[in-house]
Amino acid sequence: EDQVTQSPEALRLQEGESSSLNCSYTVSGLRGLFWYRQDPGKGPEFLFTLYSAGEEKEKERLKATLTKKESFLHITAPKPEDSATYLCAVQASGNQFYFGTGTSLTVIP
Amino acid sequence: DAGVIQSPRHEVTEMGQEVTLRCKPISGHNSLFWYRQTMMRGLELLIYFNNNVPIDDSGMPEDRFSAKMPNASFSTLKIQPSEPRDSAVYFCASSQRTTIYFGEGSWLTVV
């Protein structure tokens, strides 16, 4: 069964305390893995797409990596404005998209 | 680009009333998705269209829900009659090949 699991459900970090969010997936024929950021009251905002194992993408303090079974979103020296829910999604070979339930990140000043 | 545009942003309605949510996808995108998000179930795919044709509507909860896409720039999601358990945020999203871009959502409360 195709599925996406994100962990942890919630994460509290001190400002400057680096950490990683995990997205584990089982899917038939991965076409792409996506990371989104969602702020309260807003729609998910696209961050990264990863297509194959070993690929990495970076944007400011965020870096996404991909293996054959999971993806990590590394947050380096986070700031309070990085507080949000981070969603992971995968696209299967049949074009279906599967979303995880997200990790709620709080960065404390 | 204006992004995916949804209306209304907020809707409060009484149980039994008809609700219509509207979406304008990003110009040039050929796939359109309707999602529902709740605290309990996260993001759920309700239906998606490709080139204006419904491809997968297996996520539509029941016959009270219907969706149409009469042309490449407009789609509606209708709930008739609405029930309190339909209260959620409904997102429309569109894509050209792979990456999905979301609208700001329609916050529906059925009382």
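Note that this is a predicted model, so its numbers are computed, not measured. Along each chain, the written sequence defines residue order, and numbers are assigned to residues from 1. Chain letters and ligand numbers both follow the written order, the letters beginning at A and the numbers at 1. At least 70 in pLDDT is required for a residue's local features to be given in this predicted model, at least 80 for side-chain atom pairs to be given and counted, and no such filter applies to totals for whole chains, interfaces and linings, which use all residues. Here the side-chain values reflect all heavy atoms present in the structure, with hydrogen atoms and water set aside.

A.B. asks: So, the overall build of chain B: which residues are in play, and what are the values?
C.D. replies: From N to C terminus, chain B includes zero helices and eleven strands. Secondary structure elements are defined from DSSP: runs of H or I of at least 4 residues count as helices, runs of E of at least 2 residues count as strands, and each element is numbered from the N terminus. Counting from the amino terminus, chain B carries its helices and strands in the arrangement β-β-β-β-β-β-β-β-β-β-β. Taken over C-alpha atoms, the radius of gyration comes to 13 Å for chain B, in line with the 13 Å a tight globule of 111 residues would show. With respect to the principal axes defined by its C-alpha atoms, chain B has extents near 35 × 25 × 25 Å. When accessible area is computed with a 1.4 Å probe and restricted to protein chains, residues below 20% of their type maximum are described as buried, those above 50% as exposed, and intermediate ones as partly exposed. The buried share among the 111 residues of chain B stands at 47%. Throughout, a residue-residue contact means that at least one pair of heavy atoms, one from each residue, lies within 4.5 Å. The contacts of chain B with a sequence gap of at least 6 include a subset with a gap of at least 24, amounting to 53%. Areas reported as accessible are Shrake-Rupley estimates using a 1.4 Å probe. Residue values count occlusion only from the protein chains shown. About 5600 Å² of surface is accessible on chain B, with carbon and sulfur atoms providing 50% of the total. For this measure, only C-alpha atoms enter the radius of gyration; the expected value for a globule follows 2.2 Å times N^0.38, where N is the number of residues.

A.B. asks: Can you explain the pairing of strand β5 (residues 45–50) of chain A? Please cite residues and give values.
C.D. replies: Residue and element names in this part refer to chain A. Sheet topology places strand β4 (residues 32–38) next to β5; five bridges connect them, and they run antiparallel. Its bridge partner being in β5, Leu-33 is matched across the sheet by Leu-50. A pair of strands is considered paired only if DSSP assigns at least 2 bridges between the two. Here β4 folds back onto β5 in antiparallel fashion, the turn holding six residues, of which Gly-41 has a positive phi close to 80°.

A.B. asks: Before we move on, could you go through the sheet that holds strand β1 (residues 5–7) of chain B and cite the residues and values that matter?
C.D. replies: Residues and elements named next belong to chain B. Strand order in the open sheet made by the four strands is β1-β3-β8-β7, with antiparallel pairing throughout. The sheet terminates laterally at β1 and β7 (65–71), the two strands that pair on one side only. Direction aside, the axes of adjacent strands within the sheet are offset by 15° on average. Bridge analysis of strand β3 (residues 19–24) against strand β8 (residues 74–79) gives five bridges, and the strand direction is antiparallel. Bridging across to β8, Val-19 finds its partner in Ile-79. Only the stretch in contact is used when a helix axis is fitted, and all axes are lines through C-alpha atoms; the angle between N-to-C directions ranges over 0 to 180 degrees.

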